[in-house]
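Inside the fold
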Amino acid sequence: VADEAAAAAARGGIAPDPQEGAALQQLVAAARSAASDAAASSTAAEEAATALEALLALRGCTGGGAAASKPRRSGALDAAEQRQRSFSRRYSRSFALAADEAPVEVVYEDEWLLALNKPADVSSVPRHRFEGSSMVNRAVHYLGGRSPYVVHRLDHGTSGLLLFGKTRPAAASLAAQFRERTLSKAYLATLLATHPLPDSFVVDAPIAGHPQDRLRSYVPADAAEAEALRAQEALTRFRVLERADRAALCEASPVSGRMHQIRLHAEHSGCPIAGDTQYGAGAQPHPPCARLLLHAHTLRVRHPASDEPLRLVAPLPADYREGLERFGLSGAAQPLGV
């Protein structure tokens, strides 16, 4: 029931289906029946029924399965929708995270922290708790079934340093450092040399969600559009480490942490990242790169227990080095910013 509710809520922009409405009405009736017949589980069943009724309203389905003319989608969540989402989160947490036996490359570990070198094309977190094949699931297996605390994420195609907390206080400290921007991070980004790049440059451009594609970020065309889309400030510093005819290996240091920030700012500069088919697809070489040439290389944080500075470095993987060789780059130069 919770899975159906979460999946349907995620599809909230799609026109409601009368058959789905009828099915969910049956689930509501079943939950109400359970609430009346089993006192011990009545509270949970009542919450399930309320959550499903909220979902019906969210999806625009009326009683008996008839569909409303337009599905309701509002920027502000009403009380029923908030309750539905809260119930879905609580219910999903009752499932243990799947353990993935795929090997991990440990960059650093102590009793508070675990830092892994994430391969490209592996998700940082699973889409649902009952799914696997993410770095979280690999960490669960490595930690003997314990669930790590997620404090940040890397894009699916980005490789490199992924840091987890092993205790709740450690995770809270790390999350605060990310949120308050008191840590520093450096990526290795291979930019396509569509025009001559200066030795260093800064991209200061606000970022908003794409108005037509929720999976993409977007730099608004002007201040009016930025205000309309509620864009957030974003700044990335780039420094060229090595040059070749068709590409340049750069250190990219994001000051803010917006979705796809480095990739979008590289495209905005006119020199997208090699292998990025989402931002700058038209500039990509043929045949295309085997992977996105973006790697989270260095992270400097304060240790949550000792408050001492801690510098973590994730070595470049072999597939990134192969991508560099294609452009005549060695990858010998390393970021110096952190």
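The secondary structure content of the chain amounts to nine helices and 12 strands. Per-residue burial over the chain gives 43% buried out of 338 residues. By sequence separation, contacts in the chain at least 24 residues apart represent 67% of the contacts at least 6 residues apart. Total accessible area on the chain stands at roughly 16900 Å², and carbon and sulfur atoms take up 52% of it.

With that settled, consider the pairing of strand β12 (residues 309-313). Residue alternation in β12 divides its side chains into a buried set, Leu310 and Leu312, and an unburied set, Pro309, Arg311 and Val313. Two elements, strand β11 (residues 294-302) and β12, share five bridges in a ladder whose sense is antiparallel. Bridge pairing in β12 links Thr298 to Val313. The hairpin formed by β11 and β12 contains six residues between the paired strands, and Asp307 there has a positive phi angle of roughly 65°.

A few words now on helix α5 (residues 135-142). The buried fraction of α5 amounts to six of the eight residues, a majority that puts the element mostly inside the structure. Buried within α5 we find Met135, Val136, Asn137, Arg138, Ala139 and Val140. Tucked into the core, α5 has its buried residues touching β2 (113-118), β3 (149-150) and β4 (159-165). Where α5 starts, the residue carrying a side-chain oxygen 3.3 Å from the main-chain nitrogen of Val136 turns out to be Ser134. Backbone geometry just after α5 places Gly144 at a positive phi near 70°.

Here the chain averages 83 in pLDDT, while 74% of its residues score no lower than 70. Predicted confidence in the chain is weakest over helix α1 (residues 2-10), with a mean pLDDT of 53, and strongest over β2, with 98. Below pLDDT 50 for its whole length, residues 12-16 participates in 14 contacts with residues either more than four positions away or in separate chains. Segment residues 62-74: pLDDT under 50, and 31 contacts once partners within four positions in sequence are set aside and those in other chains are kept.

The next point concerns helix α8 (residues 261-268). Within α8, six of the eight residues are buried, which leaves the element mostly enclosed by the surrounding structure. Every buried residue of α8 is listed here: Gln261, Ile262, Arg263, Leu264, His265 and Ala266. Where α8 is buried, its residues meet β5 (184-192), β6 (200-204), β8 (217-218), β9 (235-243), β10 (247-254) and β11. Backbone geometry just downstream of α8 places Gly270 in the positive-phi region, at approximately 95°.

Residue alternation in β6 divides its side chains into a buried set, Phe201 and Val203, and an unburied set, Ser200, Val202 and Asp204. Strand direction decides the pairing type here: β6 and β9, joined by five bridges, are antiparallel. Bridged to Asp204 within β9 is Leu235.

The rules behind the values
- Residues numbered from 1 in each chain as written.
- Predicted model: local features only at pLDDT ≥ 70, side-chain atom pairs only at ≥ 80, totals over all residues.
- Heavy atoms only, no water.
- Helix = DSSP H or I, 4+ residues; strand = E, 2+ residues; numbered from the N terminus.
- Buried < 20%, exposed > 50% of the residue type's maximum accessible area, 1.4 Å probe, protein only.
- Contact = heavy atoms within 4.5 Å.
- Areas by Shrake-Rupley, 256 points an atom, 1.4 Å probe, with all protein chains shown as cover.
- Pairing = 2+ DSSP bridges.
- Polar contact = N/O pair within 3.5 Å; in protein donor to acceptor, adjacent residues only side chain to side chain.
- pLDDT = per-residue confidence, 0-100.

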